[in-house]
Each structure stands twice: as structure tokens, then as C-alpha cells.
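# Results of the structural survey
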Amino acid sequence: MKTFCGRANPCTGSVDWVEESEEYDYHQEIARSCYADMLHDHDRNVKYYQGIRAAVARVKARGERVVVLDIGTGTGLLSMMAVTCGADFCYAVEVFNPMAEAAQIIVEKNGCSDKIKIINKHSTDVTVGADGDMQEKANVLITELFDTELIGEGALPSYEHAHQHLVQAGCEAVPHRATVYAQLVESELLWSWNQLQPMEVGGIQLLPPPAVSHCAGAHSVCDIQLSQVSPGSFTPLGPLCTMFSVDFSKPVSSALQSHSSQFEAQADGRGQVVVSWWDLDMDPSRSIVCSMAPSWTYHDYFGVALQWRDHWMQSVYFLPAERRVTAGEQLSLTVCHDDYSLWFSLQPLPRPLTEAPPTRPCCTCQAHLVWTRPRFGELNDRRRTKSYVSALQSILSEDSVCLSVSDGSLLPVFACVLGMKHFWDTSSFSRQVLETNSMRGDVKLLELRPDQLSRSDLKGEQVSVLIGEPYFSTSLLPWHSLFFWYCRTALAGLLKPGAAILPCSASLHLVAVEFQDLWRIRAPCGICEGFNVTPMDEMVQRSLDFRETREAEPHPLWEYPCRALSESAAVMTFDFTQCVPQQPISSQGLLPLLRMGRCHGVALWMEYQLTSDITVSGGLIGPISEQGSCEWSPHRKQGVYFLRSPWESSGDGRAAVTYSFTFEPSVGDIKMDFSISSE
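A brief structural summary. (Residues numbered from 1 in each chain as written. Predicted model: local features only at pLDDT ≥ 70, side-chain atom pairs only at ≥ 80, totals over all residues. Heavy atoms only, no water.)

### Section: the sheet that holds strand β35 (residues 655-664)
The sheet built from 3 strands is open, its strands ordered β31-β35-β36 with antiparallel pairing. The open sheet is flanked by β31 (585-592) and β36 (669-678), the only strands paired with a single partner. Along the sheet, successive strands turn relative to each other by an average axial angle of 15°, direction set aside. Two elements, β31 and β35, share 8 bridges in a ladder whose sense is antiparallel. Bridging from a neighbouring strand, S587 pairs with F661 of β35. (Pairing = 2+ DSSP bridges. Helix = DSSP H or I, 4+ residues; strand = E, 2+ residues; numbered from the N terminus. Axes fitted to C-alpha atoms, helices over the stretch in contact; angles between N-to-C directions.)

Rendered as C-alpha cells:
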């Protein structure tokens, strides 16, 4: 059966009604899932296997029959491990129907179906009894319900319910325990992702609106690959603190809790950010540990190389307000958590005995709800600001009539600093900044979409300068910012002849890459720890082959190191001084592979030509090194297109990535296709 679905088009701004198969959504879910990443996580798999083997042995040593409850079984891997280790029976619970069906096929393929029952339910709906889903309560509880924040996928409520209804008192649990660690740091880089910083433009220091600078921000975690943040970009102000542990073998509560760790400040600085991660103890003796520590601590703790994983990363939490810290000062770091999230606060010691636990941070300025963390960083980027100011200086005059089209942009503020008197803006943020800094400048807010504007809305004026970063909160892929081009086209009747457009054009770039680790999220697993999971690979491949899922996907490549195996190339150019054309724009060509390595796919990004000699990149921000090292913009996500199969490049240029692009103006989409050709 097919249904009509309304989908917002990020390029054109329109809502497109398209006919979709009823299977579309779950194909998207499977195609973009992290199942492959988890199966490729050898450290996780081995630690679980060891923990399960030890737990089964402890139950058998008590002379008991081993009955396992596996919540969130996924492929059934952990249940099959339990059976191999001697479990008598496993109840494997999986709520996602396609995954439960795949698990059933996998356990049958591995000869375990007589000892594993797949239950396609949420664990809180599972029943126990003669007519229930489980014939008896389990005495071994195995789960993999964790996310980067540990509890963000509802682990605590699931454990709470399981101990009340599904497992025996005194059961064994794998993992046995989780421990959360945190460290207070000062970091201009990380703090720039949370608060708008003062900036200097044209010799004038601009302050952010008090509503923004005094806002506690959103409480949501910032999950990143902390291993890619250089230790040189932050200063530890205290030791790594053990914040709290959860013993999963005992009843667990999902109620609001707080935990504090007291320490002596190690350095002077500004307490701004808390970096955090967690460990899993797979057994009670803590002899089997799976750690999420970043690479720059991992070797110190464990003496082995880092296991890369993307399904579990590290967390960054921003304090509600920065606080001056003095070396030797006694401090208390407090973490609170409900059933799904954590938040931190910092207090001096001694603390009042009657002090209540810190409340959850809440954004009151709206900016933290609208802007992403990278967007804050982009607005705080001084080098980027300098480029835009230089470009504006070259096109603005005092009598210019200017219109800005971007979400929450500071370009109107920069223009006013440069002497502009009259400005039209589609966002109210610039006016807030001007009022905060007591600046004169007539910025008028237009509360209409560009395609709805008329000459009367502009008081009869014609626009002589149209500017945009461009940035739009609806953009996911780099070329979604072409919405600016559609806005420019809609405004054509309001522009003066020869009006200046900034940026004047944009170009789509690509480079063939070998990923250090990101390839794992799309690579088939085949045999995982001795178990055949090819049905899972086949299910993912079917979903990847489903319509639209063979497209590029957004990734922040500064977090995912890769080597360029080719030179970068501009493959399409979009002239913003002209309206969007009626006919498609096409581009085909070859990208020779000039370095040895395994080509996993291509990276794509946009570059914006502000003027003839000023360009801002949303991708590569430096030249590719001789070895192929790349430096990526931390503010925008790049597009990644994975080849169906990686290609081994000899580096002699005889093999090349063949590319084909077609921009369809009527639908605002870029269709692309890639393959490998060789002599």
C-alpha cells in the first residue's frame, strides 16, 4: 500500500506531497541505524561474551538452571553467546519488528532457536506465567540499552520494571555495573558551542543580548567524538571525578537523583564545561571493563589502543554559567539525573546543609532551542566573521537598501557597524544585538517568507544588496543551503537592476576518501564473534537499496578522520546573481585516485564565493597534505556517499571515481551517482 506524505523541501522551502510505500519509514530507520557499528565493536562484543560466560558459570555453581532475559536483543548476538556459554534458555526481547524478524532468522541460522525465544515487544509489556511471554522469571539479566549519556534510551525505567516483574531477586546482571565519570574544564572551543561571545567588528566590540548571555542554555547533552578534541584546547580545572554508579543486579530506580563529588581545584580558570563518559563492569569483581574513555586517556588507564565506536561516544555538558575558579579552592561538582538525562552544576564548599539539588537548565532565550551547537561555534568564529565583514565592506554604501535572508544571522549587525542606515531582515536576532549595544541602525523585521514579500512590505523601496551566509536551520545536507538561491529568485522583482548578491555564487566540491573508522557504520559484518549475522547484513542492504536511501548522508567529518585519495574538485557551480534556471544542471567527470588506500566513498561540501576574492568553505578549510590529511570545518556537516564496496587504490591514477550530478530545479534536489572505473 502507498500513501501520500507531506515532506518539507529544505532547498525550495515548499512542502512536497510524495507517494511513499508504507515500508519507507522503517527502511530509513534500518538504513541509518548503527547496528553495523555495534557488531564491528570487537571490544564491546568480547567484554560482553566474557561477562556472560562468568555470569552463567556463577549461576551454575549455585546448582541453578540458567534462564536469561536479554532486553534489546537486536540481532540476538548476546543471547546466542549465553546459549554457547551454557544457558538453559533465553528470552530475547526486541521491540523493533524488522529487527525481531531478523533476530529470529539469525538464531535459527546459528542453530540456537530451540533455546532462544524472540519476543517482539517492549520489555515493559512482557508478561510472566503459564500463559505469558516468559514461563518463569530469569536469573540472568543481559541488556544493551545504553547511549552516549548512558541512560538516554530509557535504560533506568527498563531495569526498574525488569527487577519488579521479570527477574528473580539476586539475579546476575551483564553488565553488572555502570560508573559515570566527569571532569571540570575550561575551554574556549567547547564554550563557544554554548554561548555567543563578544566580538570585535570595525573597531567596535559587540556584546551578545543579555537574554542569550545570561541564559542557562538547553540541558540536552552534546555528544561528540571527544578523542578528536585536542587536549591542548582545554584546561582541566579538577581531577577526573567518579560521579555515581548503578548496580544492575539490584533493583534500580528511575526517580530523580543527585550525586556530588568534592575536589580541590587544580588550576586557576573559568569553570565552563564538564566532559563525561562511563565504564561498564561486566562482572562484580571489575575484572572485565568496557570503557568509553577518550583516546587521550585510554592508554593511560588500560595500556591498550582505543576501540573506535560511534554508537557510544563521550558527553559534553555546559554549566548554566561560567564560574571563576582558583587553584586550591574546594569545590563540589553535582550531577542530577531523571529517567532519561543528566545535568551538572558547580558549587563552592562548604555548601549550605539545606541547599536543594540544582534544577534542570532551561533555555529562556530560544537561541539554544533553535541553533545547534555547531551554529554557536560558527557565529563565534573570528576568522569567518572577518571574511564576511571584508566582503560586506566591498559591496555596501551608506545609501544601500539591504535585505538579509538567513536564520539568526549577524550580517545585518555587521552592516550597521559599517555605516548602513536602513536594513530589512527576516530574523529578529540582529535587532536584539543592535539594541544591546546601543547602536543606531534601522533594522526592520519582515515576518513573511521571501516568496510572500511585495514592494509594499519594503515601503516601496528596491533592494540594492541581498545578503545571506547562507544558513538555514532546516538544512541537513550541504546543498540544502541552496534555499538562498530560491529566495533570491522569489525576490527578483524587488531587486534593483545590478543589485549586489552576497554570496554571489556557490560551488559543490568533492574528494575521494579513505575513512579511518567511519566505514564501519556501513560495512557488512558477516561473522561476528563466531556467529553468522549475514541476515542482518542483507536486511540493511535491502534498506540501503530502497528508494532515496542510496543518497549522501550528513556527517561532521572533523570528528571522523579520513585521508584524501584524490585531489578535491569543484563539480557544480550555482550562480546566485541569476535566478534559478528552468532546466536541469548536469555534471559528469572522473576523479583519479592518486594515493594508495581503500576508497570508501566521497565527501561533499559547499563553498560560498562572497566576492571574487573571498570564499568561505563548509568543508575543507586547508590544503590537503601530501599524505592526504584533511582539515574540515567544525561548523557544518559534510555529505558522505559510501560506495557499495570499497576500492583498493594503488595510487597510480589508473583508477578513478566516476561521478554524475544532476540538479533538478523543479524539485530543488541534486541526484548523484558514483562508481569506480579503472584502466
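Next comes the rest of the account.
### Examining the sheet that holds strand β7 (residues 167-174)
Read from one edge to the other, the open sheet built from 5 strands follows the order β5-β4-β3-β6-β7, with strand pairing classed as parallel. The open sheet is flanked by β5 (116-119) and β7, the only strands paired with a single partner. Shown here is a sheet whose adjacent strand axes are inclined to one another by a mean of 25°, direction ignored. Of the pairings in the sheet, the one linking strand β3 (residues 67-71) to strand β6 (residues 138-143) comprises 4 bridges and is parallel in character. Bridge pairing in β6 links D70 to I142. Strand contacts of helix α4 (residues 77-84): β3, β4 (89-93), β5 and β6, with the helix running at about 175° to β4, the strand carrying the most contacts. (Contact = heavy atoms within 4.5 Å.)

### Focus: the pairing of strand β34 (residues 638-650)
Examined bridge by bridge, strand β28 (residues 553-555) and β34 share 3 bridges and lie antiparallel to one another. Across the sheet, H555 pairs through a bridge with Q638, a residue of β34. Strand direction decides the pairing type here: strand β32 (residues 596-611) and β34, joined by 8 bridges, are antiparallel. Within the sheet, the bridge partner assigned to C599 lies in β34 and is W647.

### Brief notes about α4
Where burial is concerned, most of α4 is hidden: 7 out of the 8 residues are buried. Note on α4: the residue one or two positions beyond its end, G86, has a positive phi of about 110°. (Buried < 20%, exposed > 50% of the residue type's maximum accessible area, 1.4 Å probe, protein only.)

### Here's the deal with the environment of E631
Tracing the backbone shows E631 in the loop between β33 (614-617) and β34. You can call E631 partly exposed: its relative accessible area is 46%. Taking the C-alpha atoms as reference, E631 lies 8.3 Å from G619; in sequence the two are 12 residues apart. With near-sequence residues (within four places) excluded, E631 lies in contact with G619, L620, I621 and G622.

### A word on the pairing of β5
One ladder, built from 4 bridges, connects β4 with β5; its direction is parallel. Looking at the pairing, V93 lines up with I119 of β5. Tracing the backbone out of β4, into helix α5 (residues 97-109) and back to the parallel element β5 gives a crossover that is right-handed. (Right-handed = clockwise from strand over helix to strand, strands pointing away.)

### Considerations on the side chain of S249
With respect to the helices, strands and loops of the structure, S249 is situated in the loop between β13 (241-247) and β14 (257-264). Polar contacts involving the side chain of S249 include one to the side chain of D247, which spans 2.6 Å. (Polar contact = N/O pair within 3.5 Å; in protein donor to acceptor, adjacent residues only side chain to side chain.)

### A look at the pattern of salt bridges
Taken as a whole and assessed by the stated rule, the structure comprises 31 salt bridges. The residue R309 makes a salt bridge to D43 at a minimum N-O spacing of 3.0 Å. In this pair, R309 is assigned in the loop between α9 (295-302) and β17 (314-325) and D43 in helix α3 (residues 42-61), connecting sequence segments 266 residues apart. For R309, a relative accessible area of 5% gives the class buried. Between R62 and E64 there is a salt bridge, with the nearest N and O atoms lying 3.2 Å from each other. (Salt bridge = Lys/Arg side-chain N within 4 Å of Asp/Glu carboxyl O.)

### Things to note about the nonpolar core
Of all hydrophobic cores here, the largest spans 132 residues; its most connected members are L69, F146 and W632. Once residues lying within four places of it in the same chain are set aside, the contact partners of W632 are V511, L557, W558, C562, A603, W605, G619, L620, I621 and Q638. Counting 91 residues, the second-largest nonpolar core is a separate cluster that includes L410, F429, L604 and Y641. (Core = buried A, V, L, I, M, F, W, Y, C linked by side-chain atoms within 4.5 Å.)

### Let's talk about the packing of aromatic side chains
Scanning the entire structure with this criterion turns up 26 aromatic pairs. Ring plane angle 35° and centroid distance 5.7 Å describe the contact between F146 and F248, whose orientation is recorded as tilted. Here F146, found in the loop between β6 and α6 (155-165), pairs with F248, found in the loop between β13 and β14; they are 102 residues apart in sequence, far enough to count as distant. Across this residue pair, the class does not change: F146 and F248 are buried. When the centroid spacing of 5.7 Å and the interplanar angle of 65° are considered together, the rings of W485 and F574 count as edge-to-face. (Phe/Tyr/Trp six-rings, centres within 6.5 Å; stacked < 30°, edge-to-face > 60°.)

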